[in-house]
Every structure is written in C-alpha cells, then in structure tokens.
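Descriptive analysis of the structure
Here is how the chains run, residue by residue.
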Amino acid sequence: MDSKELLHQQLKDIKTQLRLSMNGAVSQSMREKGLVYKLNFGVELPRIKSIAAGYEKNHALAQALWKEEIRECKILAGLLQPVDSFLPEIADIWVENMPNIEIAELTCMNLFQYLPYAPAKSFHWIADEREYIQVCGFLTTARLLMKKGEMNERVENEFMDQAISAFLSGSYHVRNAAMTAIRRFMQYREENAFQVCRRVESLKDSPLEAEKLLYNLVKEEVD
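Calculation notes
Residues numbered from 1 in each chain as written. Predicted model: local features only at pLDDT ≥ 70, side-chain atom pairs only at ≥ 80, totals over all residues. Heavy atoms only, no water. Core = buried A, V, L, I, M, F, W, Y, C linked by side-chain atoms within 4.5 Å. Buried < 20%, exposed > 50% of the residue type's maximum accessible area, 1.4 Å probe, protein only. Helix = DSSP H or I, 4+ residues; strand = E, 2+ residues; numbered from the N terminus. Contact = heavy atoms within 4.5 Å. Expected span 1.5 Å × (residues − 1). Axes fitted to C-alpha atoms, helices over the stretch in contact; angles between N-to-C directions. Parallel < 35°, antiparallel > 145°, perpendicular 65-115°, else oblique. Nonpolar A, V, L, I, M, F, W, Y, C, P; charged D, E, K, R; others polar. Left-handed = near helix turned anticlockwise from the far one by under 90°. Phe/Tyr/Trp six-rings, centres within 6.5 Å; stacked < 30°, edge-to-face > 60°. Salt bridge = Lys/Arg side-chain N within 4 Å of Asp/Glu carboxyl O. Disulfide = S-S within 2.5 Å.

Describing the nonpolar core
Formed by 76 residues in total, the largest nonpolar core has its most connected members in L65, F86, F112, F159 and L214. If you tally residues by element for this core, the top one is helix 9 (residues 131–147), at 9 residues. Contact partners of F86, with chain neighbours within four places excluded, come to Q63, Q81, A91, W94, L111, F112, L115 and Y117.

Some words on helix 11 (residues 172–188)
With 17 residues, helix 11 extends 25 Å from end C-alpha to end C-alpha; this agrees with the ideal 24 Å at 1.5 Å per step. Every buried residue of helix 11 is accounted for by V174, A177, A178, M179, A181, I182, F185 and M186.

Side note on the packing of helix 11 against helix 12 (residues 190–200)
Relative orientation of the contacting elements helix 11 and helix 12 amounts to 130°, with a least axis distance of 5 Å. It follows from the interaxial angle that helix 11 and helix 12 lie oblique. Seen from helix 11, the contacting residues are I182, F185, M186 and Y188; seen from helix 12, they are N192, A193 and V196. Classifying every residue of the contact of helix 11 with helix 12 by side-chain character gives 6 nonpolar, 1 polar and no charged.

Here's the deal with the environment of L6
With respect to the helices, strands and loops of the structure, L6 is situated in helix 1 (residues 3–20). Taking C-alpha positions, L6 is 9.5 Å from L61, a pair spaced 55 residues apart along the chain.

Observations regarding the packing of helix 3 (residues 45–52) against helix 5 (residues 71–80)
Between helix 3 and helix 5, the shortest axis-to-axis distance is 10 Å and the interhelical angle comes to 55°. By the angle between their directions, the pair helix 3 and helix 5 is classed as oblique. As helix 3 packs across helix 5, the resulting crossing turns out to be right-handed. Seen from helix 3, the contacting residues are L45, I48, K49, I51 and A52; seen from helix 5, they are R71, E72, I75, L76, L79 and L80.

Some details on the packing of aromatic side chains
Considering all chains together, one arrives at 5 aromatic pairs under this definition. Seen in terms of ring centroids, W66 and W94 are 4.1 Å apart; in terms of plane orientation they differ by 0°. Their pairing is stacked. Remark: W94 occurs in helix 6 (residues 88–96) and W66 occurs in helix 4 (residues 59–67); sequence separation between them is 28 residues. The class for W66 is buried, based on a relative accessible area of 5%. Judged by relative accessible area, W94 falls into the buried class, the value being 1%. Arranged with centres 4.8 Å apart and planes meeting at 75°, the rings of F86 and W94 form a pair that is edge-to-face.

What to know about the pattern of salt bridges
Tallied over the entire structure, the rule returns 12 salt bridges. Note that E69 is salt-bridged to K74, the shortest N-O span being 4.0 Å. One salt bridge connects K219 with D223, and the closest N-O pair in it is separated by 3.1 Å. Bridged by salt links that share partners, the residues R71, E72 and E102 form one connected network.

Points about the state of the cysteines
For the coordinates displayed, the defined rule picks out 0 disulfides. Free cysteine: C136, not disulfide-bonded; nearest cysteine sulfur from C108 at 4.2 Å.

A closer look at the side chain of T107
Within the secondary structure, T107 sits in helix 7 (residues 101–110). The residues touching T107, leaving out its near neighbours within four places in the chain, are W66, W94, M98 and F112.

Here it is, written out as structure tokens:
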C-alpha cells in the first residue's frame, strides 16, 4: 500500500470509529450552546484521545484531518500533528481558519503550547485584529505562562498593554482569553500581580463597565 492509499485508509478508519462513538445528545447540546460545525458526531474527548492513541503522530494524516469540516477530525489533527514538521506558516493557516472557541482551546492545549516558536508566535497572534487569532495568541501565552512565566521587562510591558487593551475592547471570547492569560501572569509570581494591580488601580471608579469589570477581576485574583 503506498502512502496515499494508507492515508486514505487511515482517514476512512478514523471516520468509522467516530461514527461508532457518535453521541447525538452531546452534539445537540453543543449546537444549543452556539458551537456550530458542518458535521459534529458529539464524540466525547476521552474517546477522541483513545482513538488518537491508536495512531502514530503523522504530519500528512494531521493535515488531512484538519481539512475535514468535522469537529472530531479537527481535534484529532491537533493530537496527531508532530511538532517538528509544523512550520510557523502552517500554524498561521490553522489559526486563520479556526472555526470556534472549542477547537481554539483544544488546539492550543494539544499542539500550539509545545511549538518551539510558540512564545514569539503567540505575541504575533495577540497583536492581530481578528478574533480567533487573538484568542489563540492569548490561550497559547496562558499555557506558556503556566509552564515557565519568565519574560523580560519589555515583553512583560507589551503583554500587559495588549492583554488589557484586548480585555477592554475585544469580543467575549477575546476578553475571556486575555483574562486567562492575565491570571496566569499574576499567578506566576507576586511581582507580576503587583504590576497588574498598579496598571488597573485607576479603573476602580470608572463609569465604563469593561474597565470596572477588569479592576474587579484583578482584585479577586489578588484577594
């Protein structure tokens, strides 16, 4: 069997396994929550992970899965993509085609945080104006901060500028992702928490809802 035939067979096998694990109630519940997919089998994450465990990480297979407009295939793509062949330009293509918040969160967790160029790339995404590119930037940064929180002073200042600005003016998902990253930054060390507190101190009595909310969330984190 040549590599093309093997790839075709693997895709077919994966789709068969997904159909057999189908859960209509989960799929329906996702639709009601606004997670719309062209095709969603409603397969739960532990089952998707166990399907992924049956395959070696494989660049061609992961790329083929990502191109499928199927929820579970997109999740599997992030689990089966090898880090070393996932070039920065491919990462940009994936992020530009991110379908929704579920896939963004899972792909950042399963793949993006492990990329050798993740720190620089996530900052590049944060600075983008498009919703899911920003979301992936903040979620990847949050993951990196959980593992290793050091940034130099210039990067710290840039991160805080971007995160606060995104929280105050971004969409619901951007705001949540930015806040996740701010929290991880604050949790890394006390000095970081002080820095963020100093940044938002002036928002305490702001008449603007977003500014007041940011102040309260930061205060909650410290308390």
